[in-house]
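# Examining the three-dimensional arrangement
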Amino acid sequence: MGRKRNQGKARKAAKAMAREEAEEVQHRSNNESMTSGQQQSLTSQMLQLQVCGNASPHDTTVTCRHGFDPLFEKDICFQYANAFREAYNYKNRQDCDANLSSCLIAAHKATILDKFAEVGKDSAKMEIVTSYFLSNGTQYILEGNDDSARTCTVFARWFEQCTAVGLHKTQALINRVKIDDANNPSDIHTLVKFLRKRIPCRCLDKKYKEVKDTAKLGFCYNPECTIPNGQVERSKTFYCSRCRNVTYCSRDCQKADSTTHKHECDKFVAEIAKFEAKKQSLCTTIS
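By the naming in an unreviewed UniProt entry, the chain goes by MYND-type domain-containing protein and is assigned to Skeletonema marinoi.

Evaluation of the coordinates by the stated rule reveals 0 disulfides. We note that C220 lacks a disulfide partner, and the nearest cysteine sulfur, in C253, lies 3.7 Å from it. Judged by its relative accessible area of 8%, C220 falls in the buried class. Not engaged in a disulfide, the cysteine C249 finds its nearest cysteine sulfur in C253; these two sulfurs lie 3.7 Å apart. Among the residues examined, C249 registers a relative accessible area of 18% and is labelled buried.

The next thing to look at is the packing of aromatic side chains. Here the structure, examined in full by the defined rule, presents 11 aromatic pairs. Seen from their ring centres, F84 and F155 are 5.3 Å apart, and the 90° between their planes marks the pair as edge-to-face. Pair noted here: F84 is in helix α2 (residues 76–94) and F155 is in helix α6 (residues 146–167), with a separation of 71 residues, a long-range link. We note that F84, like F155, is buried. Seen in terms of ring centroids, F133 and F159 are 5.9 Å apart; in terms of plane orientation they differ by 5°. Their pairing is stacked. With F133 in helix α5 (residues 123–142) and F159 in helix α6, the pair connects residues that are 26 residues apart, well separated along the chain. Taking the relative accessible area as the measure of exposure, F133 reaches 0% and is therefore buried. Judged by relative accessible area, which is 0%, F159 ranks as buried. Through a chain of ring-to-ring contacts, three or more aromatic side chains come together here, namely F68, F78, Y80, F84, Y88, F116, Y132, F133, F155 and F159. Of note, R244 hangs over the ring of Y239, and the distance from its end group to the ring centre comes to 4.4 Å.

Taking 1.5 Å per residue, 36 residues should reach 52 Å; helix α10 (residues 251–286) reaches only 42 Å between its end C-alpha atoms and comes up short. At S258, α10 is bent by approximately 65°, the largest bend along its length. Residues of α10 that are buried sit in contact with β3 (238–239) and β4 (247–248).

Looking now at the environment of V165. Along the chain, the position of V165 falls in helix α6. On the accessibility criterion, V165 (22% relative accessible area) is partly exposed. Sequence spacing of V165 and F275 is 110 residues, and the spatial spacing of their C-alpha atoms is 9.8 Å. Sequence-distant contacts of V165, defined by excluding residues within four places in its chain, comprise Q171, A172, L173 and I174.

The computed volume of the largest pocket comes to approximately 540 Å³. Those elements that provide at least two residues to the lining of the largest pocket are α3 (100–112), α6, α7 (176–182) and α10. Looking at which element gives the most residues to the lining of the largest pocket, the answer is α6, with 6 residues. Considered class by class, the residues forming the lining of the largest pocket number 11 nonpolar, 6 polar and 4 charged. Its boundaries defined by the atoms lining it, the second largest pocket holds a volume of some 320 Å³. Contributing elements (two or more residues each) for the lining of the second largest pocket: α7, α8 (188–198) and β3. Considering each element in turn, the lining of the second largest pocket owes the most residues, 5 residues, to α8.

Conventions we followed
- Residues numbered from 1 in each chain as written.
- Predicted model: local features only at pLDDT ≥ 70, side-chain atom pairs only at ≥ 80, totals over all residues.
- Heavy atoms only, no water.
- Disulfide = S-S within 2.5 Å.
- Buried < 20%, exposed > 50% of the residue type's maximum accessible area, 1.4 Å probe, protein only.
- Phe/Tyr/Trp six-rings, centres within 6.5 Å; stacked < 30°, edge-to-face > 60°.
- Helix = DSSP H or I, 4+ residues; strand = E, 2+ residues; numbered from the N terminus.
- Lys NZ or Arg CZ within 6 Å of the ring centre and 35° of its normal.
- Expected span 1.5 Å × (residues − 1).
- Bend = angle between axes of the 7 residues up to and from the residue.
- Contact = heavy atoms within 4.5 Å.
- 1 Å grid on protein atoms, 1.4 Å probe; cavity = no way out; pocket = protein on both sides within 12 Å on 5 of 7 lines; lining within 4 Å.
- Points joined across faces, edges and corners; volume = space filled by probe spheres on them.
- Nonpolar A, V, L, I, M, F, W, Y, C, P; charged D, E, K, R; others polar.

Laid out in structure tokens, this is it:
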């Protein structure tokens, strides 16, 4: 009788131990699952930070910087971007008759030839400057400040063009038409599309859906054009076939502007010829 009682106790003890082991296994499994979930959450947050560019590692909320790394705010690129903006604004205030190109050129000469010369010689630094203006332009769009967004977009276009011409050597001239199109106050489509294509986040997706059906506008470079503000749907404009650095709304406008444009056009064509000759020479050398 005592032996059976002892056997019964042993079986109960074995079952209790088995239950404890099962509970321990389940508890360990739950902990591992929670850890895995936390790791996935952390990974997701890190990816979001990489895409959005959190303003500070100490922020409790993720603030999208639209591709601009805030670490560069202490860098010479950031200093140059702000110096360029100030020089541009100064030229714009001092010379009311200055056009967009002359203001950009003046700002470029005032900033890139001395203190910030190293920025203009380094394509990586120029890309940082460009990303800064793309980031600001995007944020201005989201805040409904289209005018400031347009200025930032013009700057971003300018630095893209300067990099292509001066550093990458992929084009002969700065494309004035593209810069002027970015500055068109009546064309929100081009503005939003330009920024949206260049930022790594999706912050402008909603805005682009709102504006994508609006017309993209171009300029007629004939100062005597009778179209209001010289603006016409871009699909209806055509380039000067020689320099491709001005557009017109009609053959009549091109003919009317031919005398004025000819001298400028000849300079552009000469630069293009020089560029093509260098490219051909390089290709011959490599082959």
